[in-house]
Amino acid sequence: MSGNPWIWLAALLSLAIFSFLYKDNPTYKFAEHLFTGLTVGYMVVLTWNTYAIPYIVIPLQEHRWLIFIPIAVGMLYFTKFIPKLSYLMLIPIAISLGFGSGLGIPLYVEADLFKQIQGTMINTSMLKNIWDPYNGLVVGILILIGTICTISYFFFSREHKGALKISASTGIWFVMIGFGASFGYTVMARMSLLIGRMQFLFTDWIHLIK
Amino acid sequence: MMKFLSKLNRMDRRIVFLLVTVVILIPLLLNIQSRLYVDKATHDLFNRIDAIQPGGQPILISFDYDPQVAPELDPMAVAVLRHCFAKGIKVIGMGLQPQGDAIGEAIISRISKEYNKKSGTDYCYFGYRPGGYIVMLYIGENVKKALPQDYYGVSYDSLPMMKGIHNYDDIPLVLSLAGSTWPNTWIMFAGTRYKASIADGCTAVMAPEYYPFLQTGQLVGQMAGMKGAAEYEQLIVDAGYTKSKDIASKAMSAISYSHILIILLIVMGNIGYFVTRRMENK
C-alpha cells in the first residue's frame, strides 16, 4: 500500500463518495461539503491571482489611471444589492452582452450555420472515396437525407400528411438513432470515469494493478 | 419463471453497482489487453502532429478541463506529449479552465522529465489564462499579449522557444483538450477568424457534438474519450515513439466488458418490462 498520506486522503475521500451508492450517510456528506468548500476557496484565490492582481492591482501600481473606468463599470454589478440603484447594473451587462454578441454572432453564423449547411452538400470530392466515414458519398447522401427529414419533423406549420409524414417519420428515426449513439457514448464516458478511479485506488493506493 | 422475469426490471440498483464494479475490476487486475480499431479522426490527428517538423514551429495544447474528466483526458495529454517530445516537436501549453492550471503543469513537467526536455527551449507552459475567447483573439493578434509570462514567472521575451512566434500563422496546430464546449469556441474564434488548424480531445459525452465539425473539416482530428486516448497510445507504439501502451489501453477491456454487462441489463430490463405488462393485461 502507498505510504503517501495525500494518496491515502484521496483514496479515503473517494471511498466516502462511493459510500453513497449504498445509501446517504454522514461520511458522504462530509466529503461532499469538503469538496464544495475547497472548490470555492480555490476559485477565490485563483480569481484574485489571475484577474485582480494583473488587471487591477498592477495597473494601479503603475499609475495607469484609465483602469478606473472599467473598474467603475464593473463595480456597478454590486448595485444589485441596492434596490434604488439596481438599474445601474444594466450598464455593464449591456456592454459585455453587446461586445460578446457583436464579436460572436458573425463567427457563430459562419462556423455553426454556413459551414454546416455547406457540409450537407454533396460535392465531387466525395467521389474519391465513396466509403470514407467523414467525407464519402454514402455518408454524404445519408447526411443530406437525414438533415432534410429531421428538419421536416420539426416543421409544425402544416399537418404531417402525405410526403411530409413520410419525411417526418424518417427524420424521427435519424433523431432516435442519434440519441441512441449519444447515450452509448455517455455510458462509455461514465464507465471511463469509474475505471479511472478504480485505477487510482488499485494502482496508486493499493498496489494490486501493475 | 414468469415471476422471476417480471422481477428483472425491479432489480435493486445496488446489485447493478456491484456487478459493474466486479466486471470492471477483473480485467484491470488480470491486465487483459486487446488490440484496437483506430478511428479515422484519431489517425488524422496523429498524422497531422507527425507531419510537424522537429525543432520547428510548436503546437499549442490547451488544457481546458477540470479534474472530474481527468480520467478521460489525462491519458490523451500524456500520449500527445510523448509523441511530441519523442519526435522533438515543441509544445506550448496553456489552459482556459481554472482547475486545468495545475493539471497541465503536473502532466507536462512529468512527461518532459522522461524525455529530458527543458522549459523555455523545448516546451513552454503558460498555465491558466483568464478571458476565454479574448485569449484566443489575443493569440491571433499577438501571442505575447495573450501569454506575457509562463507558469513559472519567466517573461515571454526570456523564453528562447517563443522567438518568432507571433500568432496562429506560426502555430501549425491548436489541440484543445476539453470536457465542455471549448473546442467549439476555438473553432469559432481561432479557426474561423484566423484560419488556425484546430483539433480536439474531448470526453465521450461531447464526441457526437463534434462529428459535424470533423465532417466539414473545421476540426482536423479528434480523440474521443478514453478510447481515443487508447487509440493514440496504440499509434505511438506502432510508430515506435514509445515501447508500451499506457493507462488508457489497459482500461479498454474493462470498458468492453462493462458495456456487455450494460447491454445484458438493458435486455433483461426490457424482458422484465414486457413480461410485467403482459401479466398485468391478463
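Residues numbered from 1 in each chain as written. Chains lettered and ligands numbered in written order. Predicted model: local features only at pLDDT ≥ 70, side-chain atom pairs only at ≥ 80, totals over all residues.

Colleague: Explain the overall build of chain B to me, please; I cannot follow it from the model alone.
Modeller: Per the secondary structure count, chain B includes 11 helices and six strands. Taking the principal axes of its C-alpha atoms as reference, chain B extends roughly 80 × 40 × 30 Å. Taking all 282 residues of chain B together, the buried fraction comes to 47%. Within chain B, contacts between residues separated by at least 24 positions form 73% of all contacts whose residues are at least 6 apart in sequence. (Helix = DSSP H or I, 4+ residues; strand = E, 2+ residues; numbered from the N terminus. Buried ≥ 20, exposed ≤ 12 C-beta atoms within 10 Å, placed from the backbone. Contact = placed C-beta atoms within 7 Å.)

Colleague: Explain the overall build of chain A here, please?
Modeller: Each helix and strand in chain A was counted, giving six helices and zero strands. Counting from the amino terminus, chain A carries its helices and strands in the arrangement α-α-α-α-α-α. The C-alpha radius of gyration computed for chain A amounts to 27 Å, which surpasses the reference 17 Å derived for 210 residues by more than 25%, pointing to a less compact arrangement than a globule. Its C-alpha atoms put chain A at 65 × 60 × 40 Å along the principal axes. Looking at chain A residue by residue over its 210 residues, the buried ones come to 7%. Put simply, 20% of the contacts in chain A that link residues at least 6 apart link residues at least 24 apart. (Rg over C-alpha atoms; globule rule 2.2 N^0.38 Å.)

Colleague: Before we go on, may I ask you to explain the domain arrangement of chain B in this structure?
Modeller: Bring the parts together and some accessible area is lost; that lost area is often taken as the interface size. When cut into domains, chain B gives domain 1 (2-31 + 257-281) and domain 2 (40-244). Here domain 1 of chain B and domain 2 of chain B have C-alpha centroids that lie 40 Å from each other. (Domains from an automatic or database assignment.)

Colleague: Honestly, the sheet that holds strand S5 (residues 198-202) of chain B in this entry has me stumped. Any pointers?
Modeller: In a beta sheet, neighbouring strands pair by backbone hydrogen bonds and run either parallel or antiparallel. All names here are of chain B. The parallel open sheet is built from six strands, whose spatial order is S3-S2-S1-S4-S5-S6. Looking at the sheet topology across the chains shown, the edges are occupied by strand S3 (123-128) and strand S6 (222-224). Along the sheet, successive strands turn relative to each other by an average axial angle of 15°, direction set aside. (Pairing = 2+ DSSP bridges. Axes fitted to C-alpha atoms, helices over the stretch in contact; angles between N-to-C directions.)

Colleague: What is the right way to look at helix H6 (residues 133-141) of chain B in this model?
Modeller: Every α-helix winds through 3.6 residues per turn, so residues three or four apart in the chain are directed the same way. All names here are of chain B. Buried within H6 we find Val135, Met136, Ile139 and Gly140. One face of H6 carries all of its buried residues, which in axial projection span an arc of 140°. Its buried side turned inward, H6 meets helix H7 (143-146) and helix H8 (182-194). (Arc of directions from axis to C-beta.)

Colleague: Looking at this structure, how should I read the pairing of strand S2 (residues 91-95) of chain B?
Modeller: Every regular strand shows the same layout, with side chains that alternate between the two sheet faces. Residues and elements named next belong to chain B. In terms of residue burial, S2 counts as a mostly covered element, since five of its five residues are buried. Across the two faces of S2 the burial is the same, with Val91, Gly93 and Gly95 and Ile92 and Met94 all buried. The pairing of S2 with S3 spans four bridges and is parallel. Bridging across to S3, Ile92 finds its partner in Cys124. In this view, the connection linking S2 to its parallel neighbour S3 by way of helix H5 (residues 100-114) has right-handed handedness. (Right-handed = clockwise from strand over helix to strand, strands pointing away.)

Colleague: Please clarify how the nonpolar core should be interpreted in this entry.
Modeller: Side chains of nonpolar character tend, in soluble globular proteins, to be buried together. All names here are of chain B. Residues Ile59, Ala77, Val80 and Leu81 are the most contacted members of the largest nonpolar core, which totals 91 residues. Ranked by residues supplied to this core, first place goes to helix H4 (residues 70-87) with 10 residues. With near-sequence residues (within four places) excluded, Ile59 lies in contact with Ile49, Ile52, Cys84, Ile89, Val91, Ile171, Pro172, Leu173 and Leu175. (Core = buried A, V, L, I, M, F, W, Y, C linked by C-beta atoms within 7 Å.)

Colleague: Hey, could you run me through unusual backbone geometry in this one?
Modeller: Outside of glycine, negative phi angles account for most residues, and trans bonds account for most peptide bonds. Its identity is not glycine, yet His63 of chain A carries a phi of approximately 60°, on the positive side. Here His63 of chain A falls in the exposed class, since 7 other C-beta atoms lie within 10 Å of it. In this structure, Asn116 of chain B takes a positive phi of about 60° despite not being glycine. One can find Asn116 of chain B in the loop between H5 and S3. Given 8 C-beta atoms within 10 Å, Asn116 of chain B falls into the exposed group.

Colleague: What am I meant to see in the packing of helix H6 (residues 163-205) of chain A against helix H11 (residues 247-281) of chain B here?
Modeller: To characterise two packed helices, one gives the angle between the axes of the helices and the distance between these axes. Where H6 of chain A contacts H11 of chain B, the two axes come as close as 9 Å, and the packing angle between them is 125°. Here H6 of chain A is positioned oblique relative to H11 of chain B, judged by the angle of their axes. As H6 of chain A packs across H11 of chain B, the resulting crossing turns out to be right-handed. For the pair formed by H6 of chain A and H11 of chain B, the contact residues are Val187, Met188, Met191, Ser192, Ile195 and Gln199 of chain A on the first element and Ile247, Ala251, Ala254, Ile255, Ser258, His259 and Ile262 of chain B on the second. (Parallel < 35°, antiparallel > 145°, perpendicular 65-115°, else oblique. Left-handed = near helix turned anticlockwise from the far one by under 90°.)

Colleague: I tried to follow helix H9 (residues 207-216) of chain B on my own but got confused; where do I start?
Modeller: Of the positions making up H9 of chain B, those classed as buried are Ala207, Tyr210, Phe213, Leu214 and Gln215 of chain B. Of the residues flanking the end of H9 of chain B, it is Gly217 of chain B, one or two places downstream, whose phi is positive at about 85°.

Colleague: Just to check I follow, could you spell out the interface of chain A and chain B for this structure?
Modeller: Across the contact, 36 residues belong to chain A and 38 residues belong to chain B. Elements with a minimum of two residues in the side of chain A that touches chain B: helix H2 (26-61), helix H4 (90-119) and H6 of chain A. At 16 residues, the largest contribution of residues to the side of chain A that touches chain B is made by H6 of chain A. Residue composition of the side of chain A that touches chain B, by class: 23 nonpolar, 10 polar and three charged. (Nonpolar A, V, L, I, M, F, W, Y, C, P; charged D, E, K, R; others polar.)

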